[in-house]
Amino acid sequence: MTGKRHHYVPQFLLRRFAISEARKGASLIYRLDLGRGAARKVNIANEAVRGHYYRFLHEDGTPDSSADELFDRLESAAAEVITHVSKGERAPSATQLRDLAQFIVTQKVRTPQGREHLAEGDELVNELILEVQLSNRDEYHERFGEGRNEAEVEAERLKFLEQLQGGQIGLKSPAEREIGMMFLSFEHGTKVLLTELGWTLLRAPDNAEFVLSDHPVAHYDPNAAGTDMGVSFLTTPESGTLVPLDPSFALWLSPHEPATWREVNVGRQEVDDMNLLTYAWANKAIYGRSQAVVTRVRSLARRHGRKLAAFRKRSPKIWVTEAHEGESIAGERFFEARTKREGSMRQRFKFDPRADREKTGWRR
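Residues numbered from 1 in each chain as written. Predicted model: local features only at pLDDT ≥ 70, side-chain atom pairs only at ≥ 80, totals over all residues. Heavy atoms only, no water.

**Student:** When you look at the overall build of the protein in this model, what are you seeing that I'm missing?
**Tutor:** Of regular secondary structure, the protein possesses 11 helices and 18 strands. Relative to a compact globule of 364 residues, whose C-alpha radius of gyration would be 21 Å, the protein shows 23 Å and is just as compact. The principal-axis extents of the C-alpha atoms in the protein amount to approximately 75 × 50 × 40 Å. A total of 364 residues make up the protein; the buried ones form 48% of that total. Sequence separation of at least 24 residues holds for 68% of the intrachain contacts in the protein that already meet a minimum separation of 6. Surface accessibility of the protein: about 19,000 Å² in total, with carbon and sulfur atoms responsible for 48%. Across the protein, the 54 positively charged side chains and the 53 negatively charged ones have centroids separated by 8 Å. (Helix = DSSP H or I, 4+ residues; strand = E, 2+ residues; numbered from the N terminus. Rg over C-alpha atoms; globule rule 2.2 N^0.38 Å. Buried < 20%, exposed > 50% of the residue type's maximum accessible area, 1.4 Å probe, protein only. Contact = heavy atoms within 4.5 Å. Areas by Shrake-Rupley, 256 points an atom, 1.4 Å probe, with all protein chains shown as cover. Lys, Arg positive; Asp, Glu negative; His and termini not counted. Charge placed at Lys NZ, Arg CZ, Asp CG, Glu CD.)

Right, here's the structure in full:
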């Protein structure tokens, strides 16, 4: 039987950032709340956890915790790799990199923030499909008009289309579907990390430490500045991804020198910048093994608002353009994106259909 309390940031990872002080065997960590700005010591067992968060029910009512069991296996494998990396003796093997890549891919989507993005994307895609169907008069009448008055059917179609476009009606992605979607891109995401991205281990100096957040995977792309673009592992050739693994080291994944592993010693300024990125992508809190470390990040965020804005988290977006049948969409044209929280937005993109779709054919 798996437990009722499911951690979306694994305890093994939180424990690496915990302070040495123990209280009745508990592992303690400093938590800084983004809203209040206050730092306090907390037990990692009570952090980044929700009841039955990965459990779903089958149609007959039988509970299924297989998702949490899979996460446990991925965490165990990743923990061994991170311990290996911490020793700095040799680069991870191909198998170890695969284990770490699988862990990172799932860690991105399993947090509340990640699941919200999955659900929103799922809802928007299906609402777009429904909008296309409702916009097709002949198809709607053929499917729903048999034996009914034509004017009545048409009025119904236009009413549903208006309500959908106006947000009065919509589609909802249930928890069971969210859990399933976490694994839909599992294989492809792992392949992208292993073949399209280069791995750089950033080692902090003695006078600086990395912090962790309740959403440990943070993305950055300088091309997104001043735009409404979303960012991910491979948005453009300049995108990068930060994954803190320990106060003394973090991973930086980028398209430069793909399928390679290297280690770099960074300075205090680089650690500060990476911690600001972690702060920008946090949902509610950041974590560290001292009060000084987490309050320093808070102070940096207050002093460097412009840099924090450049690092801000950007939810995935689905960009859509209208084209007539047979019309090429190559070249520059306006696209529209709709989001649940940010509303609609327009952006000009240039699309190259000859580009490798597995990478990116899109350019702003």
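Now that the structure is up, let's keep going.
**Student:** Would you mind showing me how to read the confidence of the model for the protein here?
**Tutor:** Caution is warranted with low-pLDDT regions, since their predicted coordinates should not be read in detail. Chain-level pLDDT for the protein is 89 on average; 95% of the residues reach the 70-or-more range. Residue range residues 356-364 is modelled with pLDDT below 50. Its contacts to residues more than four positions away, or to other chains, number 29 contacts. (pLDDT = per-residue confidence, 0-100.)

**Student:** What is the right way to read the layout of surface pockets from this model?
**Tutor:** Empty pockets left among the atoms are what a rolling probe the size of a water molecule brings to light. Quantified by volume, the second largest pocket comes out at close to 710 Å³. If you go around the second largest pocket, you meet 25 residues; those closest to its centre are Leu 128, Glu 131, Gln 165, Glu 336 and Arg 338. Every element with two or more residues in the lining of the second largest pocket is listed here: helix 4 (112-135), helix 6 (150-166), strand 16 (331-339) and strand 17 (343-351). For the lining of the second largest pocket, the residue count by class is 10 nonpolar, eight polar and seven charged. (1 Å grid on protein atoms, 1.4 Å probe; cavity = no way out; pocket = protein on both sides within 12 Å on 5 of 7 lines; lining within 4 Å. Points joined across faces, edges and corners; volume = space filled by probe spheres on them. Nonpolar A, V, L, I, M, F, W, Y, C, P; charged D, E, K, R; others polar.)

**Student:** Hey, could you run me through the pairing of strand 8 (residues 198-203) in this one?
**Tutor:** Every other side chain in a regular strand lies on the same face of the sheet, so the side chains alternate between the two faces. Within strand 8, six of the six residues are buried, leaving the element largely enclosed by the surrounding structure. Residues Gly 198, Thr 200 and Leu 202 point to one face of strand 8 and Trp 199, Leu 201 and Arg 203 to the other, with burial holding for every one of them. Pairing geometry for strand 8 and strand 12 (residues 249-254), over six bridges, is antiparallel. Note that in strand 12 the partner of Leu 202 across the bridge is Ala 250. Bridging between strand 8 and strand 13 (residues 261-265) involves five bridges; their strand directions are parallel. Note on strand 13: the bridge partner recorded for Leu 202 is Val 264. (Pairing = 2+ DSSP bridges.)

**Student:** For this particular structure, what's the right way to read the packing of aromatic side chains?
**Tutor:** Given two aromatic rings, their pairing is described by the distance between the two centres and the angle made by the two planes. For the structure on display, the rule yields 11 aromatic pairs. An angle of 90° between the planes, with centres 5.1 Å apart, marks the rings of Tyr 220 and Phe 311 as edge-to-face. Remark: Phe 311 occurs in helix 11 (residues 305-311) and Tyr 220 occurs in strand 10 (residues 218-220); sequence separation between them is 91 residues. Given the relative accessible area of 24%, Tyr 220 is considered partly exposed. Of the aromatic side chains, those joined through ring pairs into one cluster are Tyr 8, Tyr 53, Tyr 54, Phe 71, Phe 183 and Phe 186. Its guanidinium or amino end placed over the ring of Phe 71, Arg 110 lies 4.2 Å from that ring's centre, counting from NZ or CZ. We note Arg 115 situated over the ring of Tyr 53; from NZ or CZ to the ring centre the distance is 4.3 Å. (Phe/Tyr/Trp six-rings, centres within 6.5 Å; stacked < 30°, edge-to-face > 60°. Lys NZ or Arg CZ within 6 Å of the ring centre and 35° of its normal.)

**Student:** Would you take a moment to explain the side chain of Thr 106 for this structure?
**Tutor:** Tracing the backbone through its elements, the reader meets Thr 106 in helix 3 (residues 94-110). In terms of polar contacts, Thr 106 uses its side chain to reach the backbone carbonyl oxygen of Gln 102, at 3.0 Å. Thr 106 has contacts with Phe 71, Leu 74 and Phe 186, leaving out every residue within four places of it along the chain. (Polar contact = N/O pair within 3.5 Å; in protein donor to acceptor, adjacent residues only side chain to side chain.)

**Student:** Before we go on, may I ask you to explain the pattern of salt bridges in this structure?
**Tutor:** When the charged atoms of two side chains with opposite charge come close together, those side chains can pair. Counting across every chain of the model gives 20 salt bridges. One salt bridge in this structure joins Lys 307 and Asp 273, with 2.9 Å as the shortest N-O distance. Of the two residues, Lys 307 sits in helix 11 while Asp 273 sits in helix 9 (residues 268-281), which places them 34 residues apart along the sequence. Connected through salt bridges with shared partners, the residues Arg 31, Asp 33, Arg 36, Arg 40 and Glu 47 form a single ionic network. (Salt bridge = Lys/Arg side-chain N within 4 Å of Asp/Glu carboxyl O.)

**Student:** Explain the environment of Lys 191 here, please?
**Tutor:** Structurally, the position occupied by Lys 191 is in helix 8 (residues 186-195). For Lys 191, a relative accessible area of 52% puts it in the exposed group.

**Student:** Where do I start with the pairing of strand 3 (residues 26-33) in this structure?
**Tutor:** The buried fraction of strand 3 amounts to eight of the eight residues, a majority that puts the element mostly inside the structure. Here strand 3 shows a buried face lined by Ala 26, Leu 28, Tyr 30 and Leu 32 and a second buried face lined by Ser 27, Ile 29, Arg 31 and Asp 33. Pairing of strand 3 with strand 4 (residues 39-43), which is carried by five bridges, proceeds in the antiparallel orientation. In the strand pairing of strand 4, Arg 31 is matched with Arg 40. Counting the residues that bridge the hairpin from strand 3 to strand 4 gives five residues, and of these Gly 37 lies at a positive phi of roughly 80°. Bridge count for strand 3 against strand 14 (residues 285-288) is four bridges, and the pairing is antiparallel.

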